[in-house]
Amino acid sequence: SAVISQKPSRDICQRGTSLTIQCQVDSQVTMMFWYRQQPGQSLTLIATANQGSEATYESGFVIDKFPISRPNLTFSTLTVSNMSPEDSSIYLCSVGTGRYQHFGDGTRLSIL
Amino acid sequence: TQLLEQSPQFLSIQEGENLTVYCNSSSVFSSLQWYRQEPGEGPVLLVTVVTGGEVKKLKRLTFQFGDARKDSSLHITAAQPGDTGLYLCAGEHSGAGSYQLTFGKGTKLSVIP
């Protein structure tokens with residue numbers, strides 16, 4: 001399976017600031033996804049990162065809050081904008097299809 | 001919205017005991033996956049089941065997909081401390097694109113030596 005690297009692995013941020021999370025894959029992949037895992041909760045799909053076009057967002061998530069870039073088939077970024085304490089979560093990228101998705105180790109984000 | 005209910009939410013057992021984790025829904029899924037997540041890491045895919053009634057074994061772990069493809073179970077025989085972790089089931093939405101997954105809330109397993 002693909003090796004997925006996420007940066008940063010964790011961060012503590014001030015409210016009102018923005019943070020960009022990077023996801024790098026060691027091989028070209030068609031499908032890349034961004035998930036959020038809130039404390040004590042399961043994984044929720046934020047959006048599908050589409051190469052060369054705008055990301056496809058799930059209900060409850062908007063581009064202004066979570067802008068996503070996908071410049072090529074091995075790299076994507078997720079920005080968490082204008083952060084508030086409610087954004088404290090683990091953010092995970094994954095690659096693959098519905099049946100065989102593989103995840104990075106996540107970015108643990110805390111907002112003060 | 002297709003929901004997956006996992007039970008139990010927490011499980012603490014002694015080394016050597018057997019256990020079963022359940023994943024239930026009122027919806028039909030094209031496939032169902034089981035993941036294990038350890039602290040500080042992302043979920044790791046353990047198995048994917050596709051056919052109703054399918055049984056897959058991974059060493060001491062046995063996975064079963066319900067006949068109607070609405071539920072699944074994970075059975076661990078003779079649990080070891082290395083089995084400790086968060087177990088997540090995820091269903092692939094039937095009829096939707098092949099990338100949509102719905103995750104259960106997880107079962108946090110602690111195996112005590």
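Small disclaimer: the values here were computed from a predicted structure and weren't measured.

Asker: Please clarify how the sheet that holds strand E8 (residues 75-80) of chain A should be interpreted in this entry.
Answerer: The strands that make up a sheet pair up through hydrogen bonds in the backbone, lying either parallel or antiparallel. All names here are of chain A. The sheet built from 4 strands is open, its strands ordered E1-E3-E8-E7 with antiparallel pairing. Every interior strand has two partners, whereas the edge strands, strand E1 (4-7) and strand E7 (68-72), have only one. In this sheet, adjacent strand axes meet at a mean angle of 15° when their direction is disregarded. Sheet topology note: the strand E3 (residues 19-25)/E8 ladder contains 6 bridges and is antiparallel. Paired with Ile-21 across the strands is Leu-78, a residue of E8.

Asker: Can you walk me through the interface of chain A and chain B in this structure?
Answerer: Interfaces are often sized by the amount of accessible area the parts lose when they come together. Across the boundary between the two partners, chain A contributes 21 residues, which contact 22 residues of chain B. Here chain A packs against chain B, burying approximately 1700 Å² in sum over the two surfaces, 52% of which is carbon and sulfur. In this structure, the connection of chain A to chain B is made through 0 salt bridges. Counting the contacts that link chain A with chain B gives 4 residue pairs in polar contact (both at pLDDT 80 or more). Only strand E4 (32-37), strand E5 (43-49) and strand E10 (101-103) of chain A provide two or more residues apiece to the side of chain A that touches chain B.

Asker: Before we go on, may I ask you to explain the packing of aromatic side chains in this structure?
Answerer: For any pair of aromatic rings, the description consists of the separation of the ring centres together with the inter-plane angle of the planes. Inspection of the entire model under this criterion finds 8 aromatic pairs over all chains. Summarising the aromatic geometry, the rings of Tyr-35 of chain A and Phe-103 of chain A are spaced 5.3 Å apart at their centres and angled 55° between planes, so their arrangement reads as tilted. One end of the pair, Tyr-35 of chain A, is in strand E4; the other, Phe-103 of chain A, is in strand E10, and 68 residues separate them in sequence. Between Trp-34 of chain B and Phe-63 of chain B, the aromatic rings sit 6.5 Å apart at their centres with planes inclined by 45°, giving tilted as the arrangement. On the criterion of sequence distance, the pair formed by Trp-34 of chain B in strand E4 (residues 29-37) and Phe-63 of chain B in strand E7 (residues 61-65) is long-range, its members being 29 residues apart.

Basis of the calculations
- Positions within a chain are numbered from 1, following the residues in the order the chain's sequence is written.
- For this description, chains carry letters from A and ligands carry numbers from 1, given in the order in which they are written.
- A pLDDT threshold of at least 70 governs which residues receive local features in this predicted model, and a stricter bar of 80 or more applies before side-chain atom pairs are shown or counted, although totals over entire chains, interfaces and linings include all residues.
- Derived side-chain values reflect all non-hydrogen atoms in the structure, with water molecules and hydrogen atoms excluded from consideration.
- Whether two strands pair comes down to DSSP finding at least two bridges between them.
- Helix and strand definitions here come from DSSP, where helices need a minimum of 4 consecutive H or I residues and strands a minimum of 2 consecutive E residues; each element is numbered from the N-terminal end.
- Axes here refer to lines fitted to C-alpha atoms; in helices the fit is confined to the stretch in contact. Angles between the N-to-C directions go from 0 to 180 degrees.
- Any two residues whose heavy atoms approach within 4.5 Å are treated as being in contact.
- By buried area we mean the combined loss of accessible area, with a 1.4 Å probe, across both parts when two parts are placed together.
- We define a salt bridge as a contact between a side-chain nitrogen of Lys or Arg and a carboxyl oxygen of Asp or Glu at a distance within 4 Å.
- Whenever a nitrogen or oxygen atom comes within 3.5 Å of another N or O atom, the pair is scored as a polar contact, on the condition that within protein one atom can donate a hydrogen and the other can accept it, and that pairs from neighbouring residues in sequence are kept only if both atoms are in side chains.
- Only centres within 6.5 Å qualify two rings of Phe, Tyr or Trp (six-membered ring in Trp) as a pair; their planes then separate them into stacked at under 30 degrees, edge-to-face at over 60, and tilted for everything else.

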